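Fold and geometry: a report
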Amino acid sequence: MVKRRNNQLPNNLSQLQNLIKRDTVSYKEEFMLQYEHYKALLKVFWQNPIQTNKKLDELVMFIAQVAHCYPDVLSGYAQELIDLLKSHNTVLDPSMRMTFCRALILLRNKNLLQATDLLSLFFQLLRCNDKALRDFLQSHIVTDIKNLNSKHKNAPLNTTLQNFMFSMLKDSNPKAAKLSLDIMIELYKKNIWNDTKTVNVISTACFSKVTKVVVTALKFFVSSNVTKEDEEDSDSDDEPNTKEVAMANKVNKKTRKREKQLKKVKQLVQKSKKKKAAAPVYNFSALQLIHDPQGLAEKLFHQLETTHERFEVRLLTIDVVSRLIGLHQLILLNFYPYIQKFLQPHQKEVTKLLVYIAQASHELLPPDVLEPVLKTLVNNFVTERNSSDVMAIGLNAVREMCSRCPLVMNEDLLRDLVQYKTHRERSVMMAARSLIQLYRHTMPKMLHKKDRGRPTEASMELKMKNFGEIDVQEYVPGAEVLLEQNKAGEEDSDESDSESDNESWVDISHSEDEVSSVMEKDKDINQTEEIDGKDTDLLKEKDDCKEAQELKKKQAAEVSVMRILTDDDFKEIDAALIRKHVDAPKKGVKRKIEDLKEKKELVSLADIENIYKKRKHDKQARIESVKKGQEGREKFGYKDGRLNPFSSKTNREKKKNKNFMMIKHKVRGKTKRSFKDKQIALRNYLIKQKKMR
């Protein structure tokens, strides 16, 4: 007998939810019935919040799904859930707590709940000992704040949330403090909260009592500014373009799926065009946005001196302090003696420490402070008792220090280090030559005359700066080239005019006697001029160079004042400045251009660990070189001594090509028997003899 199916809507909530969304008025009675049931269950649940209630769980999600249909009835629904979570968040069952949070997120997505109310509650829930809930809340907080700031930045909301975050960083619960810091860092990397306030709030986390929070804050200042969104954009370049998809639609069978794909590709192309046309957004380093870099560096260094943390944590702190000193050109005199004691070849992570000492060097630092560090570095690394790699790393570190503070090096030490340019190891030789190259372009007079290289226009104009001296220029260097080009254009026009005029002139021939007399007079004059000129040539050359430089400066100043320079003009000026590093002061003398490294904001580890070595060949290259060396050589191995190659071989020669299993018994017979084998053989022999009797 088949059962009759009556109205099952009170029990089937998913079907009732679907029907309410279609027709809210008709199914209001059924909804009110469920809502009354929810209220009764909630009162019971308030009495014992530890216990799980599956029916209440289902009803909470059902009401959240249809809350937009009856806003007048459910006006206090969100507040009930918020109060419940605030009062019993630590006691609630994890599944029930997750359900209440999801219901509140549904209400927030339907704009039935303010963002500040929900986010402030979620920040408090980060204290719960539920990892799944914490991860879920973190992802929602980030996405919600990102959506709120998608069209334009909501400044009032951001300030209130940032203030709340700042209080959460000082929270006694380490998990809540760590998660709030992670949220702030993620929002900064997504260019949502990339202002100075966020960076300065994160900087306060460097002095937290929790090691994980300190490490996270330090890693934020050390890490690069590459965001995940940029990586996603770069990956989207590999997607098919509109032409390929349109051609595929023409050739293949037309389906709705392919049409949708074509529309999506067109939208992506339009989006990428808009991004390219939009103004570029410049990401500044987080360290540049700090209000008081000197105070932060001093506090971090004081913490470094008194801390007993692991070496890795101290290394991170040293990195941040060195970046602050180098970037803002701070003066922290105690930092250099502290790091000096770590400069040993056997020290753990010594290459990173060398990078940090180079980062902390700058022009405004007194050379007397850095001199002991440089001497320690040279004495411990650049000595013959160390390996070639250690010497090369030491010389590279010296070069990076001197590139930021050239006055640290004295003349005697520089000339000693330069002697390694003829070292037998290539890595040491190249490191010494890079040091020579540096001082050729900064202070060539400190080098020996033979190491200075051929003088160029740039080296002649170079002026050695004293400590604290700043070379302020009132003109654009190299702008005199624009005047020379204008003159060249005028001369070309004059030459064309003179050629047209010369066509009308007629040449008149002179007599031979007149020509010979004039030639003799010219020879006598030239001889007297050569004798007098030899003595004064050397003096004139120096004066001419100085006069030429002063004239160029005046011309460059005139052009800078009298003319508005365009992009093409600046390109020509840049080309002229490059030519100065190539062209010698004399005409017709040229040499190859040398690569000049621009001064970077930070020192990279590759600059210190850059060791020049002959690259090892792979297996295929080695085999090719071996075969090349064997060309024209006799075949190695057994030489066949037969006169007739078709004659038969001996049994001994045939045995070499046989399978081992065929000759195994013969080979074994030749080997020396053990004492046990001899005993067994003797016993068998004696038994055999006894039987025969």
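In the block above lies the structure referred to throughout.
Let us look at the structure shown here. Bear in mind the structure is a predicted one, so any value in this text is a computation, not a measurement.

When two helices pack together, their arrangement is given by the angle between the helix axes and the distance between those axes. Where helix H10 (residues 196–204) meets helix H11 (residues 211–222), the closest approach of the two axes is 8 Å, and the angle between their N-to-C directions is 135°. On the basis of their axis angle, the class for H10 and H11 is oblique. Where H10 abuts H11, its residues Val199, Ile202 and Ser203 lie against Ala217, Phe220 and Phe221. A per-class count over the contact of H10 with H11 returns 5 nonpolar, 1 polar and no charged.

As a further point, take the pattern of salt bridges. Within the structure shown, the criterion is met by 12 salt bridges. A salt bridge links glutamate 312 to lysine 348, with the shortest nitrogen-to-oxygen separation between them at 3.0 Å. Highlighted residues: glutamate 312 in helix H16 (residues 311–328) and lysine 348 in the loop between helix H17 (335–340) and helix H18 (350–359), separated in sequence by 36 residues. A salt bridge links lysine 421 to aspartate 451; the nearest nitrogen and oxygen atoms lie 2.4 Å apart. Of this pair, lysine 421 sits in the loop between helix H21 (411–418) and helix H22 (426–442) while aspartate 451 sits in the loop between H22 and helix H23 (457–461), placing them 30 residues apart in sequence. A relative accessible area of 6% means that aspartate 451 is categorised as buried.

The next point concerns the side chain of threonine 383. Looking at the element boundaries, threonine 383 is found in the loop between helix H19 (367–381) and helix H20 (388–404). A residue is classified by how much of its surface remains accessible, and threonine 383, at 14% relative accessible area, is buried. Only 3.2 Å separates the side chain of threonine 383 from the side chain of asparagine 386, close enough to count as a polar contact. Apart from the residues within four sequence positions on either side, threonine 383 is in contact with Val378, Met391 and Tyr420.

Structurally, tyrosine 336 is set in helix H17. In this structure tyrosine 336 comes out as buried when scored by relative accessible area, which is 0%. Distance from tyrosine 336 to valine 369, taken between C-alpha atoms, is 7.5 Å for residues 33 residues apart in sequence. Apart from the residues within four sequence positions on either side, tyrosine 336 is in contact with Ile325, Ile357, Ala360, Leu365, Val369, Leu370 and Val373. A polar atom in the side chain of tyrosine 336 sits 2.6 Å from the backbone oxygen of alanine 360.

A separate point is H10. Every buried residue belonging to H10 is among Thr198, Val199, Asn200, Val201, Ile202 and Ser203, and all of these are buried. Looking at the packing, one finds that the buried side of H10 touches helix H8 (155–169), helix H9 (174–189), H11 and helix H15 (293–306).

The subject of this paragraph is a positive patch on the surface. Residues Arg652, Lys654, Lys655, Lys656, Lys658 and Lys666 make up a contiguous surface patch of positive charge. When residues in the positive patch are grouped by element, the largest group, 3 residues, is from helix H29 (residues 651–655). As for its placement among the helices and strands, lysine 656 is situated in the loop between H29 and helix H30 (660–670).

Calculation criteria
Residues numbered from 1 in each chain as written. Predicted model: local features only at pLDDT ≥ 70, side-chain atom pairs only at ≥ 80, totals over all residues. Heavy atoms only, no water. Axes fitted to C-alpha atoms, helices over the stretch in contact; angles between N-to-C directions. Helix = DSSP H or I, 4+ residues; strand = E, 2+ residues; numbered from the N terminus. Parallel < 35°, antiparallel > 145°, perpendicular 65-115°, else oblique. Contact = heavy atoms within 4.5 Å. Nonpolar A, V, L, I, M, F, W, Y, C, P; charged D, E, K, R; others polar. Salt bridge = Lys/Arg side-chain N within 4 Å of Asp/Glu carboxyl O. Buried < 20%, exposed > 50% of the residue type's maximum accessible area, 1.4 Å probe, protein only. Polar contact = N/O pair within 3.5 Å; in protein donor to acceptor, adjacent residues only side chain to side chain. Patch = residues over 30% accessible without salt bridge, like charges linked within 9 Å, V, L, I, M, F, W, Y side chains within 5 Å. Areas by Shrake-Rupley, 256 points an atom, 1.4 Å probe, with all protein chains shown as cover. Lys, Arg positive; Asp, Glu negative; His and termini not counted. Charge placed at Lys NZ, Arg CZ, Asp CG, Glu CD.

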